[in-house]
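Here's the letter readout for the chains.
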Amino acid sequence: MKISEIHEKKKNVLSFEIFPPKKTEELENIDETLAILCELDPDFISVTFGAGGSANHNKTIEIARKIKYDYGVEPVVHLTCLSYDKSEIDSFVKTLNEEGIENVLALRGDRNPKVPEKDEFRHASDLTAYLKETTDLCIAGACYPECHPESPDRVSEMRYLRKKVKAGAQVLLSQLFFDNDYFYRFVEDCRIAGIYVPVTPGIMPVINAAQIKRMVTLCGASLPERFEKIIHKYETRKEALFDAGMSYAISQIIDLLANDVDGIHLYTMNNPVVARKICEGIRNII
Ligand code: FAD
């Protein structure tokens, strides 16, 4: 089923994000992770795609196929475009069609000096327009409540986001953030700009101080002072930080749901224990 239809049918759509493991033995164990994640009954699971290289893409599609046919959950395949041309995108789409996969998250992808860029798709909106014109896929897009790190200002960011939606993005999945106020302001700006598609907040539970510092540097999300204090206080005590990180994420989600957001997109980091704990914490709320 297309995720746009899922959004039409229900409020509070729950989704997970996973990545294809790099190591072969972890890939072999992906079933254990998927079994637990799917038991938690998400509305869809999205699978990331490393920029450049068809081997990466094959892993993404292999996992998406498992999610759909072995576990009966709707998959969303991430698809980056900066290092591909139209014929390569056509070939990915052909595979998606053969596998019966109906949803993609159309992305530009991060710039990587090791991966040469091509000219046909400069922005996610170029890929979105191309997919809209040539396929019947449901297309989701990424959005950034605290602005994309390359954006000059919030107005340009909103202008380009509107372009992406006009090009065909039917659902927006957000970058992670730790201060819900950024998200509320962002959704308000979207509506003022005439963007009316579902905008789903992305939540990443913090269980490891090094991981969060890396993520924050990479994606530009700010850490509220009260959360920074929590991380600082417990960063040397693994179990304590786990409990504190779970509680923080759960309280963020409860606040978002109380404010009638369109759904919750959980960055699981392939950790089913984390996903289960979060789902238990909101079982009677979502
Ligand atoms: P775009 O929408 O193209 O935006 C990128 C920048 O260009 C922004 O600053 C935007 O304002 C600007 N821009 C957009 N259109 C124009 C225009 N017409 N003219 C000038 N400037 C413009 N990366 C991966 O490699 N693999 C993944 O699987 C992956 N999954 C992700 C999932 C989510 C939910 C999110 C939020 C991000 C994900 N990313 C992934 C990261 C993403 O690829 C990077 O953030 C990337 O830098 C931007 O991709 P985008 O699709 O948002 O690009």
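Scroll up to find the structure this text is about.
The following refers to the structure shown. Everything numeric here is computed off the predicted structure, so don't read it as measured data.

Take the site of the ligand next. The full set close to the ligand counts 24 residues, and Phe49, Arg108, Asp110, Tyr144 and His148 are the nearest of them. Arginine 108 is positioned with one of its backbone polar atoms (N or O) 2.8 Å from an oxygen atom of the ligand. The contact in question runs from a nitrogen atom of the ligand to an N or O atom on the side chain of histidine 123, over 3.4 Å. If the ligand stood free it would expose 970 Å²; the protein chains cover 87% of that surface.

Attention now goes to the sheet that holds strand β8 (residues 263-267). If you walk around this closed barrel you meet the eight strands as β1-β2-β3-β4-β5-β6-β7-β8, and the pairing is parallel. On average, adjacent strands in this sheet sit at an angle of 30° to one another, irrespective of strand direction. The sheet contact formed by strand β1 (residues 13-18) and strand β2 (residues 44-47) spans four bridges and is parallel. Within β2, the position partnered with glutamate 17 by the bridge is serine 46. Packing of helix α7 (residues 154-167) onto the sheet brings it into contact with β5 (138-143) and β6 (171-176), and relative to β5 it is tilted by some 175°.

The next point concerns the pairing of β8. Judged by how many residues are buried, β8 sits mostly within the fold: five of five residues are covered. Neither face of β8 is left uncovered, since the one carrying Gly263, His265 and Tyr267 and the one carrying Ile264 and Leu266 both have all their residues buried. Bridge count for β1 against β8 is five bridges, and the pairing is parallel. Residue serine 15 lies in a different strand from β8, and its bridge partner there is histidine 265.

Our next topic: the pattern of salt bridges. Applying the stated criterion to the full structure yields 17 salt bridges. The partner of aspartate 70 in a salt bridge is lysine 66, with the nearest N and O atoms 4.0 Å apart. A salt bridge links arginine 108 to glutamate 150, with the shortest nitrogen-to-oxygen separation between them at 2.7 Å. In this pair, arginine 108 is assigned in the loop between β4 (103-107) and α6 (124-134) and glutamate 150 in the loop between β5 and α7, connecting sequence segments 42 residues apart. In this structure glutamate 150 comes out as partly exposed when scored by relative accessible area, which is 44%. One salt-bridge network, in which partners are shared between bridges, spans Lys11, Arg191 and Asp262.

On to the nonpolar core, then. Ranked by internal contacts, the top residues of the largest apolar core, which has 65 residues, are Phe16, Ile89, Leu131, Leu172 and Ile195. With seven residues, the single largest contributor to this core is helix α11 (residues 238-258). Look past the residues within four positions of leucine 172 in its chain and what remains in contact with it is Gly141, Ala142, Cys143, Leu161, Val165, Ile195, Val197, Pro198, Val199 and Thr200. Core analysis: the second largest hydrophobic core is formed by 15 residues, Phe178, Ile212, Val216 and Tyr248 among them.

Where α6 contacts α7, the two axes come as close as 8 Å, and the packing angle between them is 10°. Here α6 lies roughly parallel to α7, going by the angle between them. Here Ala124, Ser125, Thr128, Ala129 and Lys132 of α6 come into contact with α7, specifically with Lys163, Lys164 and Ala167. Across the contact of α6 with α7, the residue classes break down as three nonpolar, two polar and three charged.

So, about the side chain of serine 46. Checked against the element boundaries, serine 46 lands in strand β2. The exposure class of serine 46 is buried, given its relative accessible area of 0%. Excluding residues that lie within four positions of it along the chain, serine 46 makes contacts with Phe16, Glu17, Ile18, Val76, His78 and His265.

This part takes up the packing of aromatic side chains. Counting across every chain of the model gives eight aromatic pairs. With centroids separated by 5.0 Å and ring planes inclined at 85°, the aromatic side chains of tyrosine 84 and phenylalanine 92 adopt a geometry described as edge-to-face. Judged by relative accessible area, tyrosine 84 falls into the buried class, the value being 3%. Ring centres of phenylalanine 227 and tyrosine 248 lie 3.8 Å apart, and the angle between their planes is 20°; this geometry places the pair in the stacked category. Of this pair, phenylalanine 227 sits in helix α10 (residues 225-234) while tyrosine 248 is found in helix α11, placing the two residues 21 residues apart along the sequence.

So, about the pairing of β1. Counting buried positions over the six residues of β1 gives six, a clear majority of the element. Residues Val13, Ser15 and Glu17 line one face of β1 and the alternating positions Leu14, Phe16 and Ile18 line the opposite face, and both faces are buried.

Scoring rules and cut-offs
Residues numbered from 1 in each chain as written. Predicted model: local features only at pLDDT ≥ 70, side-chain atom pairs only at ≥ 80, totals over all residues. Heavy atoms only, no water. Near = heavy atom within 4 Å. Polar contact = N/O pair within 3.5 Å; in protein donor to acceptor, adjacent residues only side chain to side chain. Areas by Shrake-Rupley, 256 points an atom, 1.4 Å probe, with all protein chains shown as cover. Pairing = 2+ DSSP bridges. Helix = DSSP H or I, 4+ residues; strand = E, 2+ residues; numbered from the N terminus. Axes fitted to C-alpha atoms, helices over the stretch in contact; angles between N-to-C directions. Contact = heavy atoms within 4.5 Å. Buried < 20%, exposed > 50% of the residue type's maximum accessible area, 1.4 Å probe, protein only. Salt bridge = Lys/Arg side-chain N within 4 Å of Asp/Glu carboxyl O. Core = buried A, V, L, I, M, F, W, Y, C linked by side-chain atoms within 4.5 Å. Parallel < 35°, antiparallel > 145°, perpendicular 65-115°, else oblique. Nonpolar A, V, L, I, M, F, W, Y, C, P; charged D, E, K, R; others polar. Phe/Tyr/Trp six-rings, centres within 6.5 Å; stacked < 30°, edge-to-face > 60°.

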